[in-house]
Every structure is written in structure tokens, then in C-alpha cells.
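If you want the building blocks of each chain, they are given just below.
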Amino acid sequence: MGQLTRFSKETWSPENHNTSTFFYIEIGGVDRFTAAVTANEIPVADAPSRARMKVRTGDIIVSLTRPHHGSIALIKKEHHGCIASTGFAIIRNIDETQISKEYLVHTLRSSICLDQMLRRSSGGNYPAITEEELANIKIPVPPAEIQCRLVAELDPARVQRDQSLAEAESLLASIDSYVLELLAILPHQDPRRVFAVRRDQVSSRLDADYHSPQFQRLRRAIENGNYPSKYLSELVVFMRSGFAAGRRDQALGGEPAVPHLRPLNLSAWGELSIDKTKSVPASSVKPDDYLVHGEVLFNNTNSAEWVGKSGVYDLETPCACSNHMTRISLKPGIDPYFIAALLNAFRGIGYFSALSTFFNNQAGINTATLAELRVPVPSETVQKAIAKEVVQRKAKAMRLRTHAENIWQEALSHFEQQLLHGGIT
């Protein structure tokens, strides 16, 4: 690759930035499946030390950490001028007389190159590759017309993949409004940034977001709605956080271990997974540290956008959880899937962001704040009906995502086979 490309060394400095915020691309901001890029707007004052690499339209960014995961993407014009982590190599000068950018991206994301990246990496749990070793990756370079054909052959699969993913996202995005509308508490958006609040209403909390017209209406709808309202604390047996476990507390190979669930194990839509999770020694886990089926796990500390994502612990594998998760054990007659769906809906409309306190660039909701949350409590029959519909929508979305991934993986496999077995001649 070093014969075809050069790495950009263009850097950015917060001190020379002329606006109060900037758009930052983290390694986690590159979707390993679709190569879509997400840039988050953050205050310049909070710029991470790794936010230093300036990217431009046409650059290719390659994660140097765990490069075999395939966090590789082509920068499009909507991300021109964004700042990327120093964990990326920025490929800018590409000899397009020999290789097209689109072909290069697909080839770098293929197993042909990802396997080479892993072999050239160093490190155990977090293998990393240097730019010097990345430059030594060997790239098959067929004639230009064949590069163009191979890329074009991926287009129909990409269209089908994107359609399935869009349908899945639409289905998942509909869940919040479905839950809140059925409970008759969905607040209308209100763009006003200036509004008046009575002094006796702000005695407990002087916070503009909390008292915004949108959330005032939400609280009134809950209090005066179609269903009785209660504090969340009235519905629970207990609410308590898990325990912290740093690197030194994690299990070593060969000893009995227990998965230690963290916010990353919980998707935006409340689906739990123990794939690639950390583990702690079983000897360090007390009996009451183990999660119990039916408990709701609430993400209590994260960026403001993700505080409040919730899911039901229903895994077969015995697990514990971190102190960034609050365990909610519910009383009989309260459906955990209903409560998780309601908490996710509150997160989706930004309510938990408004309820959060902020420290060390993180948002958080402690157990006391969560206990004081007012929620509508319909009959158990209505709870189960809502829960069933939410579970069905999630299951359909997951099937659509699996279908999208299968389509794309088949197309990529065909792409690789042609490169490896002479189909390009």
C-alpha cells in the first residue's frame, strides 16, 4: 500500500479553533458493517487529547487499534473538516492512476487485507498496527476497468442492504412513539428556548431543560393521564448499582469467570449481548452480585444521549454488572419488558438527558433521582400487550438486520473470491 498511498499528517489544535464546538470522529464512530461515519459535536473545551487529525473529503480513515475489526471508511463531503482520533491512520494522497478510492476501501475492508493487518499488529487484548506496518499491506491491483466492475457489482447488494437497514431503523425508531402514544403521554415538540416558569415550580430544581414546555407537558400528562401514576420506587423491590471492575480486577485466562455487563453490552434498543464482554473472577462475585432473570438494567452513566438505555436481563449465562448499570427488581404485577420499553422511550425523547447531572464530561442519573421518576402504571394486561408489541418489533428489526448483513457478506465474499481466484483477469 505504501507504493499507492501516503498518510496525511495534517493536525488540528483546539487553541486555534474559532468556534466553541467541533465535530469529532471516534473509532467507535465508524460502523464496521456499513462503513458509515458518525461525527459527534462536542465543546472545544472538552476536546479529548486524541482529537487531533483533520480529515477532508476523499480521505480514507483506518483504525490502527484492532485494525482487523474493519473500522475503515471513505470520508464524504458531509464530514469534510471533521477531527478524527489519532487512533486512525489518514490515507490522503492516493495514486488514482493505479487504484480507485472506492476499490481501495472495499479491498482494505476485505479479509485479504484485514488478515494481513492482524498479522502485522502487536499487542494482546488490544492489537494495534503502526502506519509503517500498514504501508506494507499488499493490495491486489487489477486494471482500472476491472476495479470499476468489481465495485459496481457490489452496488445492488448495497442497495438491498441499505433498504433492509432503513426498514429496521424505522421499525426501531417507531417504538418510542408507540409506547408513549398508547399511554397518552407523548409530548409534542416545542422549539421555544425562552419560556416562563412559576417560582414555586422551580424550588426543587433550577434547570431550564428540566422545566422546558415539552417536559412540563410530559409530567402533567403522566400525573393526569388515562392511567394511575406512581413513583418508580413504589414499583420495585430494590434498585442498586453493580460493582466496579478495572483492568486489574478482570479475570485471567484459565480461571472460572463471570461476564461483567457494561453499557456497551446494551444496545440503544435495549438488547443485551455478552459478545466480547469483560469478565471477573467467579471467586470475587458475591451471591447477591449475580443478576436475576427479569431484572431491568438501566444505564446510569454515559454520554447524555445514552443515559437511560434499558434492557431486561434474560440471558441464560450467569452474569454480574458494572456500577454504570442500575439493577431494578420489580414487584409482582409489573412487567419488566414494559418498564424497560418505557424507560427507553423516555431516553429517546431526551427526558433522561434533562434529568441527568453532569461530571467529568459524563451524564448520570443516581438511584435517588430514578426512584423519584413518575411513571404511568396501566393494568398488567395492558403492560403485557405493550411489551409484546415492542418485543415483536425488535425481533422483526433484528431479522431485517441479519438479512442485510447476509446480503452484504455474500457480495463481499464474491468480491474477495474474484480477487483471489482469477476472476479479475
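Bear in mind the structure is a predicted one, so any value in this text is a computation, not a measurement.

Chemist: Looking at this model, I keep getting lost on the layout of surface pockets. Mind explaining?
Modeler: If a probe as big as a water molecule is rolled over the atoms, it shows which places are left empty. The calculated volume of the second largest pocket comes to roughly 630 Å³. In this structure, the second largest pocket is lined by 22 residues; those nearest its centre are Tyr210, Arg219, Tyr351, Glu372 and Arg374. Secondary-structure elements contributing two or more residues to the lining of the second largest pocket are helix H5 (213–223) and helix H7 (351–355). Looking at which element gives the most residues to the lining of the second largest pocket, the answer is H5, with 5 residues. When its residues are assigned to classes, the lining of the second largest pocket shows 7 nonpolar, 9 polar and 6 charged.

Chemist: Explanation requested: the pattern of salt bridges in the structure shown.
Modeler: Should the charged atoms of two oppositely charged side chains come close, the side chains can pair. A full pass over the atoms with the stated rule returns 18 salt bridges. A salt bridge links Lys286 to Asp289, with the nearest nitrogen and oxygen atoms 3.4 Å apart. Classification of Asp289 by relative accessible area gives buried; the value is 14%.

Chemist: Explain the packing of helix H4 (residues 144–182) against helix H6 (residues 336–348) here, please?
Modeler: Where H4 meets H6, the axes come as close as 9 Å, and the angle between the chain directions of the two elements is 110°. In terms of axis orientation, H4 runs roughly perpendicular to H6. Residues Asp176, Val179 and Leu180 of H4 lie in contact with H6, whose contacting residues are Ala341, Leu342, Asn344, Ala345, Phe346 and Gly348. When its residues are assigned to classes, the contact of H4 with H6 shows 6 nonpolar, 2 polar and 1 charged.

Chemist: Would you explain unusual backbone geometry in this entry?
Modeler: Leaving glycine out, the prevailing phi sign among residues is negative, and the prevailing peptide bond configuration is trans. Here the phi dihedral of Ala35 falls at roughly 65°; this positive angle occurs in a residue that is not glycine. At Ala184, a residue that is not glycine, the phi angle is positive and equals roughly 60°. Checked against the element boundaries, Ala184 lands in the loop between H4 and H5.

Rules of the game
- Residues numbered from 1 in each chain as written.
- Predicted model: local features only at pLDDT ≥ 70, side-chain atom pairs only at ≥ 80, totals over all residues.
- Heavy atoms only, no water.
- 1 Å grid on protein atoms, 1.4 Å probe; cavity = no way out; pocket = protein on both sides within 12 Å on 5 of 7 lines; lining within 4 Å.
- Points joined across faces, edges and corners; volume = space filled by probe spheres on them.
- Helix = DSSP H or I, 4+ residues; strand = E, 2+ residues; numbered from the N terminus.
- Nonpolar A, V, L, I, M, F, W, Y, C, P; charged D, E, K, R; others polar.
- Salt bridge = Lys/Arg side-chain N within 4 Å of Asp/Glu carboxyl O.
- Buried < 20%, exposed > 50% of the residue type's maximum accessible area, 1.4 Å probe, protein only.
- Axes fitted to C-alpha atoms, helices over the stretch in contact; angles between N-to-C directions.
- Parallel < 35°, antiparallel > 145°, perpendicular 65-115°, else oblique.
- Contact = heavy atoms within 4.5 Å.

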